[in-house]
Protein chains: 4
Amino acid sequence: MPPAGYHREVTHMPVFDDIAPQLAAQAIELPSWAFGNSGTRFKVFSTPGTPRTVQEKIADAAQVHRFTGLAPAVALHIPWDKVDDYAALARYAADHGVSLGTINSNTFQDEEYKFGSLTHADPGVRRKAIDHHLECLEIMNATGSKDLKIWLADGTNYAGQQDMRGRQDRLAESLAEIYSNLGSEQRLVLEYKFFEPAFYHTDVPDWGTAYAQVAALGDQAKVCLDTGHHAPGTNIEFIVMQLLRLGKLGSFDFNSRNYADDDLIVGAADPFQLFRIMVEVVRGGGLNPENGVAFMLDQCHNIEEKIPGQIRSVLNVQEMTARALLIDGDALAAAQAAGDVLGAHEVLMDAFYTDVRPQLAAWRESRGLPANPMAAYAASGYQQRITEERVGGTQASWGS
Amino acid sequence: MPPAGYHREVTHMPVFDDIAPQLAAQAIELPSWAFGNSGTRFKVFSTPGTPRTVQEKIADAAQVHRFTGLAPAVALHIPWDKVDDYAALARYAADHGVSLGTINSNTFQDEEYKFGSLTHADPGVRRKAIDHHLECLEIMNATGSKDLKIWLADGTNYAGQQDMRGRQDRLAESLAEIYSNLGSEQRLVLEYKFFEPAFYHTDVPDWGTAYAQVAALGDQAKVCLDTGHHAPGTNIEFIVMQLLRLGKLGSFDFNSRNYADDDLIVGAADPFQLFRIMVEVVRGGGLNPENGVAFMLDQCHNIEEKIPGQIRSVLNVQEMTARALLIDGDALAAAQAAGDVLGAHEVLMDAFYTDVRPQLAAWRESRGLPANPMAAYAASGYQQRITEERVGGTQASWGS
Amino acid sequence: MPPAGYHREVTHMPVFDDIAPQLAAQAIELPSWAFGNSGTRFKVFSTPGTPRTVQEKIADAAQVHRFTGLAPAVALHIPWDKVDDYAALARYAADHGVSLGTINSNTFQDEEYKFGSLTHADPGVRRKAIDHHLECLEIMNATGSKDLKIWLADGTNYAGQQDMRGRQDRLAESLAEIYSNLGSEQRLVLEYKFFEPAFYHTDVPDWGTAYAQVAALGDQAKVCLDTGHHAPGTNIEFIVMQLLRLGKLGSFDFNSRNYADDDLIVGAADPFQLFRIMVEVVRGGGLNPENGVAFMLDQCHNIEEKIPGQIRSVLNVQEMTARALLIDGDALAAAQAAGDVLGAHEVLMDAFYTDVRPQLAAWRESRGLPANPMAAYAASGYQQRITEERVGGTQASWGS
Amino acid sequence: MPPAGYHREVTHMPVFDDIAPQLAAQAIELPSWAFGNSGTRFKVFSTPGTPRTVQEKIADAAQVHRFTGLAPAVALHIPWDKVDDYAALARYAADHGVSLGTINSNTFQDEEYKFGSLTHADPGVRRKAIDHHLECLEIMNATGSKDLKIWLADGTNYAGQQDMRGRQDRLAESLAEIYSNLGSEQRLVLEYKFFEPAFYHTDVPDWGTAYAQVAALGDQAKVCLDTGHHAPGTNIEFIVMQLLRLGKLGSFDFNSRNYADDDLIVGAADPFQLFRIMVEVVRGGGLNPENGVAFMLDQCHNIEEKIPGQIRSVLNVQEMTARALLIDGDALAAAQAAGDVLGAHEVLMDAFYTDVRPQLAAWRESRGLPANPMAAYAASGYQQRITEERVGGTQASWGS
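Residues numbered from 1 in each chain as written. Chains lettered and ligands numbered in written order. Predicted model: local features only at pLDDT ≥ 70, side-chain atom pairs only at ≥ 80, totals over all residues. Heavy atoms only, no water.

This part takes up the overall build of chain A. Per the secondary structure count, chain A includes 14 helices and 10 strands. For chain A, the C-alpha atoms occupy an extent of roughly 70 × 50 × 40 Å along the three principal directions. Counting every position in chain A, which comprises 400 residues, the buried fraction comes to 70%. Within chain A, residue pairs in contact and separated by at least 24 positions form 78% of the contacts whose partners lie at least 6 positions apart. Approximately 12100 Å² of chain A is accessible, and the part contributed by carbon and sulfur atoms is 50%. Each charge class in chain A can be summarised by its mean position, and for the 33 positive and 51 negative side chains these summaries are 3 Å apart. (Helix = DSSP H or I, 4+ residues; strand = E, 2+ residues; numbered from the N terminus. Buried < 20%, exposed > 50% of the residue type's maximum accessible area, 1.4 Å probe, protein only. Contact = heavy atoms within 4.5 Å. Areas by Shrake-Rupley, 256 points an atom, 1.4 Å probe, with all protein chains shown as cover. Lys, Arg positive; Asp, Glu negative; His and termini not counted. Charge placed at Lys NZ, Arg CZ, Asp CG, Glu CD.)

Structure representation (structure tokens):
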């Protein structure tokens, strides 16, 4: 064993060509709602050119794919993106070079859901919420979507307000009914969230609860890990590791945060955290398509431009994936085995500090994509065009 | 010195009559906006009977005072509560048994304020924001309000987005201009907040910043402490102590929280914290009117009834004030001096665990108030009446 | 349905006699190490009269039981409490009126465990750690203890230092071997902890991980919930509810905290949190002996007297249990069913704010116990006696 | 204005030669105690070759400077580093190529300080604590040290234990006496800390308190910002900005953290945070020697090698300083002025993602230093030599 702290004179970091195939296979799903307006409880600022329809959202999402080659699918949110003819919508998407992806349900904007949805004490409200999910499954059949993603706002604001135990049991029952209606190729993906909009208790607050619930359902039920949905200080890459180990990591909702569920651009608040997450994804086989991990964005561009915001986001994921793939695995294993704390850490940091941007730019160009997608989008005139064309109508936001 | 851990056989806790005068002098200001609808970025639920006008908000606030005797003033929010004739509004309030209190400015709902207000790099936006505050001062002259409370949403979402240092300097300049327009009996009270709606940096994020800014202005500038605006784990009563010591505690915005700025009913999330805060208020002379500490609520009743929510809140403050006043000061000082950790803590807890509700109920009745304000309000028929009468119009909420 | 916010004119809170049987059955296990010195990394202060031997620790623990009737068992920590003859130790305890309880293993104080124990990459270190637990099982056979409690300090300080996934797999293997050696009446109880002494990742950091690990082992494996081992803001009573629901709550380590794992007296930092925890214990049947939930203290009396500190602690648990049992269940269920947020919360708070201390004092006396255990202990002269007698020798602390 | 999100085709990032002079002037002070053993309350692991004397600590610190050229001074901790002849110690340091730096006082390891030091209610204990600081000033006179750094462990563990207000007043008095004894070139630097070892309240818990205290003293009193001493989520670079703006940033204690005061290697837990801090240092003139900001490490190498740990740390600071200096200031200002959120953020990230390591290595060589200090140290044989030579004696740790 070399002295601790020994810096490897010779490194065997993979070269870019080694990792290019995995990068080429990478696909990140975009949320249709990221192209609409969003904000805080204090104010939703509007932006010129914001879509008024789901078609315009898809058109915008297609721009992200056009300039990056990274975003071939668009996730829909029901009822925000409801249309009469989903087959037509799928064709519209295909015409724009993208496909329709995950269907996200919504049980938090009707007055009936004030005190819960799938967990509600009232069987009538539960029925309505379950039926909404069955409708989502029908939409999935029409769109060819694979995943039904369920995020629940259910919870309470005051101790004693509701019986948490009863709600948990009812959640299990409701999910079981929805699960029993899944097609053989479909999945139910349950998202957890630390808090908000409920401020005392949330019915699915942590990965443990999501795991216990989906484990009781069966193999087609998985967990969605939203990177912004954890308590302060939580080691998120540990959870990534654990869910992959347990075979239950269904999807990511990527974003970043400094405080609560800030929904900032992924990688913006803590790039090193995104790197560590991607390291565990690679380590646990999460890039392997047969493991079925879906990579999605779930962000709010409250004050920044939305299309460039999404371009920046998928590039951030791509760059961090590249860095994670560049780790010198042999050196890392050797340092770990030797108990060389500083050496092992340094192997990791060597990959993190490697500037992958020039090689990614060249590689993009070799594949017919712009070296600098941000600049290419800005130069394309698309933003000016939609700003001019999209006058009148109601800009899309969370409520519509 | 008795053995450590010694439990006093004889206690000299004050009796209720001793503390009644201080309770009788207690006054808590209500926020007009607590009577309108509020919610999260996900959903604002409506409630039957919600006010449509500032007059209806004042009428509702007057009910809280009617049943508790604790809430003689209503704080206004400009422009939400703008009227043509403030003298008439003051008379309207007086006719309902209350007065108009603190004026709260608002520089977070115009599109121009997307990137800041008093801190904005653009002199035109700063001018607009300063002028808004000068308008608030004029309203104060018309209403007889003493305090101008400034909470700023100013901040950024991404590192590098703006120059924090320049913003801080511009904040100082803007505040100085506003301060120079204060009448001799008026005060500028600057509120700080840990985060939200900005998610990377906030221009007035902590008491230290608020203190440094108001210390530079002069004696008529103070700090507002909102109990929900701190980082996790912050010892808030320490800040209460410190601001009182420095002569800079201008006012409280009372509410409670488990996670972020949840704006729950004061005392609901952590009653012991409210107790400790009131202990430091008492200790530091904060109940003494000449020290000028204003006690206000700043809450959101997202899912609970609003008028009873406010009644519950002022009762919580009253009950905790009573407990804080019941501390056996001699015993506490003796235990502290003796280094008797358990004994001193126990003196505090003896007051906290004392059930003051029966005595408060009897005392209320002796003063012509209902023993049980919550039940008395429920029985009064007021809620049913406003539910029936207030049909049509637009329910008030944060945007109106 | 009465108007929301309606305060029940008539309450049906249980009376003390109704709840006395459950209080009479309550038993809280004391940790032997709470009687030795403890501290922070900065300083361990000593105290006059601190035990030098396990026998002296047991004698001190017996005092807590003598004055409260609440603490009939003492948990041991191996190797700190190793003796040659455990049967003799059990007799010694019995002679003092207490029994020997849970056996706690220790794999964090040998140099070999610097990089882990049950998770270590080196099979030799894992062997040593597993063998230590098998030795603990033998001690349990000798003492008649039921539970083997495992808290692991295993983790890393730097990203990349070790392979988290491999460690998790090895943890599963190590636990399986220990589990396979359990007697039919014995249980393995796995404790989780958010962080410390590891500062990047901890191998069992959350209830989800503990649950996934023990679920893989079998019915005799359970989770230990230490109330100080969570991320800031975590709703601990939710986890209590969930683990009871899943049949996996093995035991509590009671203490309280404001920041990290402060190990303060249970109920001292946030009495309302302890109340809510006990409410969920009652709700989930956790007081029912057949559900097998063990209630233990795990605290550090760094600066306060140790024996009175333990007396204060068990009284805090008893008082909060009484308050939790006093909830008017019918009123609570009715308010919850009616969506009466304020009403339901108020039912809970009515119990919390009830001063149970006078009735508990009278009830204690009726059972031959002192009304005021703190004062009775102080008056007993025990503290003075041990202070005088225990001179020479080495005071017990975490390392011995 | 270009379209928002526009990526600058042409950048004017400074080239390395532009920033080299500022890097050449950089000096980071090492703490003597980083070379001794440290740990947690659970265990202090020992390391072969650990110093037994202050001379051996200085010899080790000199190695860090030898291989990096970055660490010309060593901070001492009194009484851990007490000697009879400080002039001789200064000569010893000079012979090893380093000087003696900041003097750190210690009022947390004597039994008298159990309940406080400069804040203690007992005048005798305060006298002792003040006298200790006067002794430190005498040592500073002998060593030529400029700064007296005061970190206080003072605080309490239980609400009510002590009177916070009285302690704050006594703190002011104690500091004033110490301050009045400063030489004209000496400074008093007061450090704040969120919590630990006190777990309820800390007497100097935040920058606001430290600022208020030193502002009351005078121009020679400053604040020390330890990067690990903040509440979760705190925006530390904002505080850096504010203290520089107020002229009160005296020094940094660099380290990093994920949870509490983890004292990990600076830059290890969150490299981007260190970058943002250095950006504000540059922005606020903190690299300008006349502004008097002292850069120090304050870390614990609990499980990693100590000398390489310190080498890694100063390199991390150097690398991040280089990145901060490489920001294209014109482009940043332009994007900020244009309200181009994504563009401004991208200018910052362009500097952060630039791999400065190759240029730094070449520059080091050009100055007669090793390109790779970690490898050079490992190859030097120093570690083996001290491991062999330093047998017997007592390894230094926090208590000695």
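Let us keep going from here.
With that out of the way, let us pick up the relation of the copies chain A and chain C. When chain A is fitted to chain C, the residual RMSD is 0.0 Å, and the transformation amounts to a turn of 180 degrees plus an axial shift of 0.0 Å. Here the transformation between the copies is reduced to the relation of a two-fold axis. Closest to the rotation axis within chain A is the C-alpha of A:Gly208, separated from it by 2.0 Å. (Least-squares fit on C-alpha atoms with pLDDT ≥ 70 in both.)

Taken together, the contacts link 43 residues of chain D with 44 residues of chain A. Taken together, both faces of the contact between chain D and chain A bury some 3300 Å²; the carbon and sulfur share is 61%. On the chain D side of the interface with chain A, the three residues burying the most area are D:Leu342, D:Tyr353 and D:Arg357, jointly 20% of the side's total. Seen at the junction of chain D and chain A, the total is 4 salt bridges. The partner of D:Arg312 in a salt bridge is A:Glu346, with the nearest N and O atoms 2.9 Å apart. Every element with two or more residues in the side of chain D that touches chain A is listed here: α8 (271-283), α9 (306-325), α11 (341-352) and α13 (373-380) of chain D. By residue number, the principal contributor to the side of chain D that touches chain A is α11(D), which donates 7 residues. Of the residues assigned to the side of chain D that touches chain A, the class counts are 21 nonpolar, 10 polar and 12 charged. (Buried area = accessible area lost by both parts, 1.4 Å probe. Salt bridge = Lys/Arg side-chain N within 4 Å of Asp/Glu carboxyl O. Nonpolar A, V, L, I, M, F, W, Y, C, P; charged D, E, K, R; others polar.)

Once turned by 180 degrees and shifted 0.0 Å along the axis, chain D lies on chain A with an RMSD of 0.0 Å. Here 100% of the contact residues of chain D are again contact residues in chain A; the copies associate through an equivalent surface.

Residues and elements named next belong to chain D. Within strand β6 (residues 187-191), 5 of the 5 residues are buried, which leaves it mostly tucked inside the rest of the structure. Every second residue of β6 is oriented toward a common face, with Arg187, Val189 and Glu191 on one face and Leu188 and Leu190 on the other, all of them buried. Where β6 meets strand β8 (residues 221-226), 4 bridges bridge the pair, whose relative direction is parallel. Note that in β8 the partner of Glu191 across the bridge is Cys224. (Pairing = 2+ DSSP bridges.)

Here the focus is the packing of helix α1 (residues 16-24) of chain B against helix α9 (residues 306-325) of chain B. Residues and elements named next belong to chain B. Across the interface, α1 lies against α9 with an axial gap of 10 Å and an inter-helix angle of 140 degrees. On the basis of their axis angle, the class for α1 and α9 is oblique. Where α1 crosses over α9, the two elements pack in a sense that is right-handed. Each of Ile19, Gln22 and Leu23 in α1 lies in contact with α9, whose residues at this interface are Gln318, Thr321, Ala322 and Leu325. Per-class residue counts for the contact of α1 with α9 are 4 nonpolar, 3 polar and no charged. (Axes fitted to C-alpha atoms, helices over the stretch in contact; angles between N-to-C directions. Parallel < 35°, antiparallel > 145°, perpendicular 65-115°, else oblique. Left-handed = near helix turned anticlockwise from the far one by under 90°.)

Where the parts come together, the accessible area they lose is often given as the size of the interface. Listed per partner, the contact involves 50 residues of chain A and 50 residues of chain C. Here chain A and chain C share an interface that buries about 4000 Å² over both sides, 61% of which is from carbon and sulfur atoms. There are 4 salt bridges connecting chain A and chain C. A salt bridge links C:Asp169 to A:Arg245, with the shortest nitrogen-to-oxygen separation between them at 2.7 Å. Counting across the interface, chain A meets chain C through 20 residue pairs in polar contact (both at pLDDT 80 or more). Taken together, the residues that form the side of chain A that touches chain C break down as 22 nonpolar, 18 polar and 10 charged. (Polar contact = N/O pair within 3.5 Å; in protein donor to acceptor, adjacent residues only side chain to side chain.)

This part takes up the UniProt feature "domain: Xylose isomerase-like TIM barrel" (unreviewed entry) in chain A. According to UniProt, the feature "domain: Xylose isomerase-like TIM barrel" (unreviewed entry) maps to residues 84-238 of chain A in the numbering used here. Secondary structure over residues 84-238 of chain A splits into 39% helix and 16% strand, and the C-alpha atoms at its two ends are 43 Å apart. (UniProt positions renumbered as here; feature names shortened; annotations may be inferred.)

On to helix α14 (residues 382-389) of chain A. All names here are of chain A. Listing the buried residues of α14 in full gives Tyr382, Gln383 and Ile386. Angular distribution of buried residues about the axis of α14 spans 100 degrees; they occupy a single face of the element. Where α14 is buried, its residues touch α2 (54-68), α9 (306-325) and α13 (373-380). (Arc of directions from axis to C-beta.)

A pair of packed helices is captured by two measures, namely the crossing angle of their axes and the spacing between those axes. Residue and element names in this part refer to chain B. For the pair helix α4 (residues 123-143) and helix α5 (residues 164-179), the least separation of the axes is 10 Å and the interaxial angle reads 30 degrees. The orientation of α4 with respect to α5, classified from their angle, is roughly parallel. Crossing of α4 against α5: the hand is right-handed. Each of Arg126, Arg127, Ile130, His133, Leu134 and Leu137 in α4 lies in contact with α5, whose residues at this interface are Arg170, Ser174, Glu177 and Ile178.

Take the pairing of strand β2 (residues 73-77) of chain B next. Residues and elements named next belong to chain B. Across the 5 residues of β2, 5 count as buried, placing the element largely inside the fold. Burial along β2 is two-sided: the face carrying Ala73, Ala75 and His77 and the face carrying Val74 and Leu76 are both buried. In this fold, the crossover linking strand β1 (residues 29-31) to β2 by way of helix α2 (residues 54-68) has right-handed handedness. Two elements, β2 and strand β3 (residues 99-104), share 4 bridges in a ladder whose sense is parallel. (Right-handed = clockwise from strand over helix to strand, strands pointing away.)

Centre-to-centre distance and the angle between the planes together describe a pair of aromatic rings. Summed over all chains, the structure comprises 88 aromatic pairs over all chains. One aromatic cluster is present, built from ring pairs that chain together A:Phe272, A:Phe275, A:Phe352, A:Tyr353, D:Phe272, D:Phe275, D:Phe352 and D:Tyr353. Here the basic side chain of A:Arg276 rests over the ring of A:Phe272, its NZ or CZ set 4.7 Å away from the ring centre. (Phe/Tyr/Trp six-rings, centres within 6.5 Å; stacked < 30°, edge-to-face > 60°. Lys NZ or Arg CZ within 6 Å of the ring centre and 35° of its normal.)

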